[in-house]
Amino acid sequence: MNKISPFTLFAVSALLFVLSACGGIDPYSRVDVFGQKGNNPGEFNEPFAIAVDASGNVYVADVRNQRIQKFSAKGQFLELWGGEGNGPRQFEKPSGLAIDGTGNIYVADYDLDRIQKFSPQGRLLLEWGSSGKLPGQFSSPAGLAVDFQDNIFVADMYNHRVQKFDANGKFLTTWGTYHPVSIFKSAFNFIFSREGEGLFNYPARIAVDGEGRVYVSDSYNNRVQVFSNQGEFLFKFGGVGLWGGRFRVSSGIAIGKQGHIFVADFYNNRIQEFSKVGCFIAKWGVKGKDPGQFDGPTDLTVDSEGRVYVVDWGNHRIQVFKSGDPVKE
């Protein structure tokens, strides 16, 4: 078998970059921002996760302040709960948020290896989980998602797997194990197209679309993998890189209008948008503190109006973006 020359690899990679965009979109513009560094209500110390309910209320996991804060859709502070500790309604490192169909809030605690379920008013309803590798145990749960049947999906980060539970915390199924994809194979994954399908390297975030498909940010494999509701591998997209459609640590993931997929690209300090089949559409953001810039975006969510709320972790704030024109596909 003849070896592929570096020039050929570069040429093919460049061609794929040109072909990767499915269409065009006017850049997203920032329409709002709220939060700054601090420990007063409405302030943050390394916010990490975000979710929005059916009424447009926004919930933020304020990690270093070890609390959950609730805001209106306009960023007006409403209430908070939490505090340092391992007791009920307390947190060590709240890392993941999800909201079910009746407005209940699920919080993953990265350090305590547990999930807590709260009412919309912050009343504790349920908790489950402990440290370990057995079904129902966790090693740094980092991301949460809820499907239309109120099943809970957990990105069990250091166990390199996804776990699925019912609304009462009963274990249902799990999939995945550890498999790091090399930088070379990730950069040229159009050649190594089947590398590590269904396997993970520190999965950090997770989302579910309206049809029950499960999207996992396979963070240190620099990609997103998509599964059926039962964990059957469907497809993947991404790979390490700087250009559109590529990642340097894929992080927060959310499903927006028309099934479009939004992904926080942590070290590239940007947000990327993809079609529902994983085809690159748009990107925005660079490293910085100015409007529209980021310092390590860790999570994001999309509301019913199409506004994209981004957790700007290093800048201790939430930025809100909106596009005025529809995507051309």
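Anyway, here's the lowdown on the structure attached to this text. (Residues numbered from 1 in each chain as written. Predicted model: local features only at pLDDT ≥ 70, side-chain atom pairs only at ≥ 80, totals over all residues. Heavy atoms only, no water.)

**A word on the environment of valine 63**
Okay, so step 1: When you line up the elements, valine 63 lands in the loop between β3 (58-62) and β4 (67-71).
Okay, so step 2: Sequence-distant contacts of valine 63, that is, excluding residues within four places in its chain, are made with Asn45, Glu46, Pro47, Phe48, Glu92, Lys93 and Pro94. (Helix = DSSP H or I, 4+ residues; strand = E, 2+ residues; numbered from the N terminus. Contact = heavy atoms within 4.5 Å.)

**Regarding the packing of aromatic side chains**
Okay, so step 1: This model, assessed by the stated rule, comprises 30 aromatic pairs.
Okay, so step 2: With centroids separated by 6.1 Å and ring planes inclined at 75 degrees, the aromatic side chains of phenylalanine 71 and phenylalanine 77 adopt a geometry described as edge-to-face.
Okay, so step 3: On the numbers, 6.4 Å between centres and 70 degrees between planes, the contact of tyrosine 178 with tyrosine 202 is edge-to-face. One end of the pair, tyrosine 178, is in the loop between β13 (171-175) and α2 (183-187); the other, tyrosine 202, is in the loop between α2 and β14 (203-208), and 24 residues separate them in sequence.
Okay, so step 4: For tyrosine 178, a relative accessible area of 44% translates into the label partly exposed.
Okay, so step 5: One aromatic cluster in this structure is built from Tyr28, Phe262, Trp284, Phe294 and Phe321.
Okay, so step 6: Its guanidinium or amino end placed over the ring of tyrosine 110, lysine 93 lies 4.5 Å from that ring's centre, counting from NZ or CZ. (Phe/Tyr/Trp six-rings, centres within 6.5 Å; stacked < 30°, edge-to-face > 60°. Buried < 20%, exposed > 50% of the residue type's maximum accessible area, 1.4 Å probe, protein only. Lys NZ or Arg CZ within 6 Å of the ring centre and 35° of its normal.)

**Observations concerning the pairing of strand β18 (residues 250-255)**
Okay, so step 1: Judged by how many residues are buried, β18 sits mostly within the fold: 5 of 6 residues are covered.
Okay, so step 2: Note: β18 against strand β19 (residues 261-265), 4 bridges, orientation antiparallel. Of the residues in β19, the one forming a bridge with serine 250 is aspartate 265.
Okay, so step 3: Between β18 and β19, which pair antiparallel and follow one another directly, the connecting turn spans 5 residues, one of which, glutamine 258, has a positive phi of 60 degrees. (Pairing = 2+ DSSP bridges.)

**Quick word on the sheet that holds strand β12 (residues 161-165)**
Okay, so step 1: Across the sheet, which stays open at both edges, the 4 strands sit in the order β10-β11-β12-β13 with antiparallel pairing between neighbours. Only two strands of the sheet have a single neighbouring strand rather than two, namely β10 (141-146) and β13. Across this sheet, the average inter-strand angle for adjacent strands is 20 degrees, counted without regard to direction. (Axes fitted to C-alpha atoms, helices over the stretch in contact; angles between N-to-C directions.)

**Remarks on the sheet that holds strand β1 (residues 29-34)**
Okay, so step 1: Taken in spatial order, the 4 strands line up as β1-β24-β23-β22 in an open sheet, and their pairing is antiparallel. Each of the sheet's edge strands pairs with one partner strand only, and the pair in question is β1 and β22 (297-302). Pairs of neighbouring strands in the sheet enclose a mean axial angle of 25 degrees, with direction left out of account.
Okay, so step 2: The pairing of strand β23 (residues 308-312) with strand β24 (residues 317-322) spans 5 bridges and is antiparallel. Bridge assignment links valine 308 to a residue of β24, and that residue is phenylalanine 321.

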